[in-house]
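Analysis of the macromolecular model
These are the residues of each chain, in order.
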Amino acid sequence: MTKKKKYFKKFLIGIDLGGTNVYMVLVDTKGKIYAEKHFPTLAEKGPDFVIDNIILELKNLVNTNGYSIKDIWRIGIGSPGPLDSKKGIVYGAVNLPGWKYVKLKEKVQKATEIKTAVDNDANCAIYGEKWLGAGKKYNNIIGLTLGTGIGGGIIINGKLIRGINYNAGEIGHMSLNPDGILCKCKGKGCFEQYASASAIANIAKEKIRQGKKSIITEIVKGDLNKITSKVVYEGLLANDELAKEIWNEFIKYLATGIRNILHIFNPEVVIIAGGVINAGEKLFVPLREAVKKQTFEIIYNAAKIVPASLSERAGAIGAAGLVLFEGDFYGV
Ligand SMILES: [Zn+2]
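Here goes a summary of the coordinates provided. Quick caveat, the model's predicted, so the values are computed rather than measured.

A word on the overall build of the protein
Along the protein, the regular secondary structure elements total 13 helices and 13 strands. In summary, the protein has a C-alpha radius of gyration of 20 Å against a globular reference of 20 Å for 332 residues, a match within 12%. On the principal axes, the C-alpha backbone points of the protein span a range of 65 × 45 × 35 Å. In the protein, buried positions account for 53% of the 332 residues. Put simply, of all contacts in the protein between residues at least 6 apart along the chain, 63% involve residues at least 24 apart. A total accessible area of about 16,000 Å² is found for the protein, and carbon and sulfur atoms account for 52% of it.

Now the structure itself:
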């Protein structure tokens with residue numbers, strides 16, 4: 001009987017709080033999306049403003065689509081960390097100025113009177129892919145989001161791996177070279193210093209500043225600050241030598257990181273997210289080849305390496321999925 005009561009309300013809200021934008025979805029417990037929106041975070045205005053604005057936008061999303069806040073059963077929020085996902089407290093986030101020990105869960109619950117859970121944004125993104133995206137058919141999944149850094153998420157036997165104080169999955173800070181590039185985590189040679197979208201851009205900037213000739217300089221009209229991973233990819237398509245060199249290096253490091261992960265977790269699938277996946281075969285074909293060369297055959301053969309399929313909605317969908325399926329963990 002209690003179970004029936006628990007599922008009385010049909011809808012969930014999933015929120016992905018990013019440094020630049022907030023994504024929000026209204027979904028049911030089957031994963032059908034009824035409404036969605038995104039809006040600028042305006043992170044520079046500080047945590048109180050950001051949270052109040054999210055609550056306002058949440059109520060608007062529900063009301064303008066003909067529902068009532070009373071129809072919402074639970075709210076899931078993906079946030080940059082580090083954070084305590086059990087208590088829903090964000091300790092601090094590089095892209096969210098002023099966020100220090102913010103009781104995000106408590107504030108949202110109080111303002112909405114709806115049970116709320118908060119988890120790491122990378123965990124939410126991979127959980128979204130598991131629920132409704134590229135990981136649908138799998139229970140042993142590693143997720144990598146190639147962006148400013150590399151976000152990681154680990155799902156084993158259908159469950160997120162969280163670690164003793166919920167900070168597991170920092171795959172981007174796995175070192176590939178103890179004498180390598182210094183990272184903001186204090187480590188050297190971190191995976192994300194070589195295989196994130198920012199790394200591609202940074203390496204291109206550095207090489208061009210050192211005097212390397214490239215079409216990349218023309219694409220950005222001499223303004224090297226405008227170099228992004230997409231610009232390097234454009235250079236690659238134009239058969240530019242430097243772009244090719246940078247792209248091959250990127251794939252070499254990405255493959256090395258992935259083969260490490262494969263040997264540790266023996267997953268069924270590695271799902272790669274981020275704008276870089278738009279490169280399609282130019283990324284995945286050489287990547288799979290490079291991984292295969294350095295991985296135990298039995299492990300490689302069990303693991304697919306595929307692009308994510310939910311794009312920027314993955315985090316919001318996953319936040320809703322987590323609060324739905326792992327509610328016990330969050331005490332909601
Ligand atoms: Zn690091």
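On we go from here.
Considering the coordination of the zinc ion
With distances of 2.0 to 2.3 Å, the protein atoms coordinating the zinc ion are His173 (ND1), Cys183 (SG), Cys185 (SG) and Cys190 (SG). Relative to the metal, the four donor atoms surrounding the zinc ion lie at angles of 102 to 123°, and the coordination shape comes out tetrahedral. For the zinc ion, the donor residues sit on a single chain with the sequence spacing H-x9-C-x1-C-x4-C. Of this pair, His173 sits in the loop between strand S11 (159-160) and helix H5 (192-195) while Cys190 sits in the loop between S11 and H5, and the two are 17 residues apart along the sequence. The class for His173 is partly exposed, based on a relative accessible area of 26%. A relative accessible area of 1% means that Cys190 is categorised as buried.

Some details on the pairing of strand S2 (residues 21-28)
Burial within S2 is extensive, with seven of its eight residues counted as buried. Across seven bridges, strand S1 (residues 11-17) lies against S2 in antiparallel orientation. Each bridged residue has a counterpart across the sheet, and for Phe11 the counterpart in S2 is Asp28. A loop of three residues connects S1 with S2, the two strands running antiparallel in sequence. With seven bridges joining them, S2 and strand S3 (residues 33-40) adopt antiparallel strand pairing. Bridge pairing links Val22 to Phe39 in S3. Following S2, the chain reverses through four residues before pairing antiparallel with S3; Gly31 in that reversal takes a positive phi of roughly 90°.

Side note on the environment of Ala243
As for its position among the elements, Ala243 is in helix H9 (residues 241-265). The class for Ala243 is buried, based on a relative accessible area of 0%. As a C-alpha pair, Ala243 and Ile69 span 174 residues in sequence and 51 Å in three-dimensional space. What Ala243 contacts, discounting residues up to four positions off in sequence, is Ile216, Val232, Gly235 and Leu236.

A look at the pattern of salt bridges
For the coordinates displayed, the defined rule picks out 13 salt bridges. The partner of Glu57 in a salt bridge is Lys37, and the shortest N-O contact between them spans 2.5 Å. Here Lys37 lies in strand S3 and Glu57 lies in helix H2 (residues 47-64), a separation of 20 residues in the sequence.

Definitions and cut-offs
Residues numbered from 1 in each chain as written. Predicted model: local features only at pLDDT ≥ 70, side-chain atom pairs only at ≥ 80, totals over all residues. Heavy atoms only, no water. Helix = DSSP H or I, 4+ residues; strand = E, 2+ residues; numbered from the N terminus. Rg over C-alpha atoms; globule rule 2.2 N^0.38 Å. Buried < 20%, exposed > 50% of the residue type's maximum accessible area, 1.4 Å probe, protein only. Contact = heavy atoms within 4.5 Å. Areas by Shrake-Rupley, 256 points an atom, 1.4 Å probe, with all protein chains shown as cover. Donors = N, O, S within 2.8 Å, 3.2 Å for Na, K, Ca; no water. Tetrahedral: all angles 85-135°; square planar, octahedral: opposite > 155°, others 65-115°. Pairing = 2+ DSSP bridges. Salt bridge = Lys/Arg side-chain N within 4 Å of Asp/Glu carboxyl O.

Geometric descriptors of this kind do not, in isolation, establish any biological role.
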